[in-house]
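What follows is each chain in one-letter form.
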Amino acid sequence: MTAMFVNLPVTDLERAKAFYTSVGFTINPLFTDHNAACVVVEDDHCYFMILVREFFQTFTDKPIGDPAVTASVSTAIFLDSREDVDATVAAGLAAGGTEDKPASDYGFMYQRQLTDPDGNILEFGWMDPVAAEKGPEAFMNQQA
């Protein structure tokens, strides 16, 4: 099995769970307790582990940065359509997220940045299937 878990520190676990479920993800209760919650991005493949900061600190001797002040990672999640991107970001904004940058539209790719209430950056995007398979130039050639 190949799976990816991205660990994110949070200050309020219940608020973080509400935010991540608002953008369409689910919580796996088998790997959720008072210290952490397993957010299912894509079943059997991609997950966020949202960890209270004190528990996150047990994973490293380095100080934990504050994502509300200093960006250190941006996680990009691609969806099936531009409309899905817009709907997901709208749901995240309604759940307390912020959009600190305007949308980026490259023709073959569309992205919007959504920051969770703790400052962790998520980028939701869509890519034209031709560009995803053959590269941006193939998409441009198709438009000509």
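Please refer to the structure placed before this passage.
Reading the values: the criteria
Residues numbered from 1 in each chain as written. Predicted model: local features only at pLDDT ≥ 70, side-chain atom pairs only at ≥ 80, totals over all residues. Heavy atoms only, no water. Helix = DSSP H or I, 4+ residues; strand = E, 2+ residues; numbered from the N terminus. Buried < 20%, exposed > 50% of the residue type's maximum accessible area, 1.4 Å probe, protein only. Contact = heavy atoms within 4.5 Å. Pairing = 2+ DSSP bridges. Axes fitted to C-alpha atoms, helices over the stretch in contact; angles between N-to-C directions. Salt bridge = Lys/Arg side-chain N within 4 Å of Asp/Glu carboxyl O. Phe/Tyr/Trp six-rings, centres within 6.5 Å; stacked < 30°, edge-to-face > 60°. Lys NZ or Arg CZ within 6 Å of the ring centre and 35° of its normal. Core = buried A, V, L, I, M, F, W, Y, C linked by side-chain atoms within 4.5 Å. Expected span 1.5 Å × (residues − 1). Arc of directions from axis to C-beta.

### Observations concerning the overall build of the chain
Each helix and strand counted, the chain has five helices and eight strands in total. Mapped from its N terminus to its C terminus, the chain presents α and β elements in the order β-α-β-β-β-α-β-α-β-β-β-α-α. Overall size of the chain, expressed as C-alpha extent along the three principal axes, is 55 × 35 × 30 Å. For the chain, the proportion of its 144 residues judged to be buried stands at 38%. Considering only contacts within the chain whose residues lie at least 6 apart along the sequence, 51% involve residues at least 24 apart.

### Here we look at the sheet that holds strand S6 (residues 104-105)
Taken in spatial order, the four strands line up as S5-S8-S7-S6 in an open sheet, and their pairing is mixed. At either end of the open sheet lies a strand with only one pairing partner, and these are strand S5 (74-78) and S6. Bridge count for S6 against strand S7 (residues 109-115) is two bridges, and the pairing is antiparallel. Across the sheet, Asp 105 pairs through a bridge with Tyr 110, a residue of S7. With respect to the sheet, helix H3 (residues 82-94) is in contact with S6, S7 and strand S8 (121-127), its orientation differing from that of S7 by roughly 10°.

### A short note on the pattern of salt bridges
Pairs can form between side chains of opposite charge once their charged atoms are near each other. Scanning the entire structure with this criterion turns up five salt bridges. Its salt-bridge partner being Asp 86, residue Arg 112 comes within 2.9 Å of it at the nearest N-O pair. Of the two residues, Arg 112 sits in strand S7 while Asp 86 sits in helix H3, which places them 26 residues apart along the sequence. One salt bridge in this structure joins Arg 112 and Glu 99, with 2.7 Å as the shortest N-O distance. Linking Arg 112 in strand S7 with Glu 99 in the loop between H3 and S6, this pair joins segments that are 13 residues apart in sequence.

### Some points on the packing of aromatic side chains
Counted by the stated rule, this structure contains eight aromatic pairs. The interplanar angle of 80° and the centroid separation of 5.3 Å between the aromatic rings of Phe 55 and Phe 59 together place this pair among those described as edge-to-face. A cation over an aromatic ring shows up here: Arg 82 above the ring of Tyr 110, its NZ or CZ 4.2 Å from the ring centre.

### As for the nonpolar core
In this structure, Tyr 20, Phe 25, Phe 48, Ile 50 and Phe 124 are the most contacted members of the largest nonpolar core, which totals 22 residues. Contributing elements (two or more residues each) for this core: strand S1 (4-10), helix H1 (13-22), strand S3 (36-42), strand S4 (46-52), H3, S7 and S8. In terms of residues, this core owes the most to one element, H1, which gives four residues. Among all residues touching Ile 50, those that are not within four sequence positions of it are Leu 8, Val 10, Leu 13, Ala 16, Lys 17, Tyr 20, Asn 35, Ala 36, Ala 37 and Val 39. With eight residues, the next largest nonpolar core counts Met 49, Leu 51, Phe 56 and Ile 64 among its residues.

### Observations regarding H3
Helix length check: H3, at 13 residues, gives a terminal C-alpha distance of 18 Å against a target of 18 Å (1.5 Å per residue), a fit within 8%. Among the residues of H3, those classed as buried are Val 85, Thr 88, Val 89 and Gly 92. Mapping the buried residues of H3 onto a view down its axis gives an arc of 95°, with all of them on the same face. Opposite the packed face of H3, turned more than 90 degrees from it, sit the exposed residues Glu 83 and Ala 94. After H3 finishes, the residue Gly 96 shows a positive phi value of roughly 105°.

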